[in-house]
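Results of the structural survey
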Amino acid sequence: MRRILCFLYAFFFVFVVPTTSFAQAISISTDTSLSSISENEQLILHVEYPDFYNNQQYYINLAAFHGYTIYVNVGQEYSEVERNRIESKSASTHVLRDQFTRGISEPTEPWNCRIKNELSFDTHNVTSARYTDYYVYGSLAYVVSVYNRYDHCSITYVPHGHKSDVQSVEVPASTTVIQYFGTEQTSDHFYLGFRPPCSCEGYIDCIGE
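Everything numeric here is computed off the predicted structure, so don't read it as measured data.

Rules used throughout
- Residues numbered from 1 in each chain as written.
- Predicted model: local features only at pLDDT ≥ 70, side-chain atom pairs only at ≥ 80, totals over all residues.
- Heavy atoms only, no water.
- Disulfide = S-S within 2.5 Å.
- Helix = DSSP H or I, 4+ residues; strand = E, 2+ residues; numbered from the N terminus.
- Buried < 20%, exposed > 50% of the residue type's maximum accessible area, 1.4 Å probe, protein only.
- Contact = heavy atoms within 4.5 Å.

Section: the state of the cysteines
Linking two cysteines covalently through their sulfur atoms gives a disulfide. Summed over the entire model, instances satisfying the criterion amount to one disulfide. What pairs with C153 in a disulfide is C198, and their sulfur atoms sit 1.9 Å apart. Here the disulfide of C153 and C198 is left-handed, its torsion about the S-S bond being about -75°. Residue C153 is located in strand β9 (residues 153-159), and its partner C198 is located in the loop between β12 (190-195) and β13 (200-207); the two are separated by 45 residues in the primary sequence. As far as burial versus exposure is concerned, C153 and C198 are alike and both buried. C198 supplies the cysteine sulfur nearest to C200, a cysteine that is in no disulfide, at a spacing of 3.4 Å.

Digging into the environment of V171
Mapped onto the fold, V171 is located in strand β10 (residues 167-171). Between the C-alpha atom of V171 and that of C200, which follows or precedes it by 29 residues, the distance is 9.1 Å. Beyond its immediate stretch of four places on either side in the chain, V171 contacts V146, N148, D151, H152, C153, I155 and V177.

Here we look at the environment of F181
Within the secondary structure, F181 is located in strand β11 (residues 175-182). Sequence separation between F181 and Y157 is 24 residues; the distance between their C-alpha atoms is 8.3 Å. Apart from the residues lying within four places of it in its own chain, the contact partners of F181 are L140, A141, Y142, Y157, P159, Q167 and F190.

Below is the structure:
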């Protein structure tokens, strides 16, 4: 009898869920500790743009609170929509162009995301190595969203003063990647590096309390 009840419970838990969309089928926790996620565990999810756009907070929560790396297939059809979404996240965007001296070396200026909110950036067809203008701090957890408009691009997370601890993510063409990045203390800094050729835009946002 106990075996039958366990089977029915398992069947109900796995199969009796709404099926109108993937985004409605999983319950989201807002625990920012991420203690259940192994350092070696890589959770990857590929999403088509209409589904992502209509369920943005759901997918951002998957990255922020569950450690997923979200690959959003933007394509040419939704390019302007995605650029508008990213631009709406910040009042100003820090453009990093080849002809500018800004962004060609590691940042020395801080950006407290708790006070200044999101840090937005745009590499704008750079052909040499670039970095965000500021290093970011103020939280234990961050969500980084990067939209690559054209060619394949490589983004590097660099903990300030700890180049040996860098993390990298490859961003395919016409794709947005949304990813979690965490620090041990709110005073810990990090910045992004861009390996050319690169033409992408995005933002860094702090999450949790």
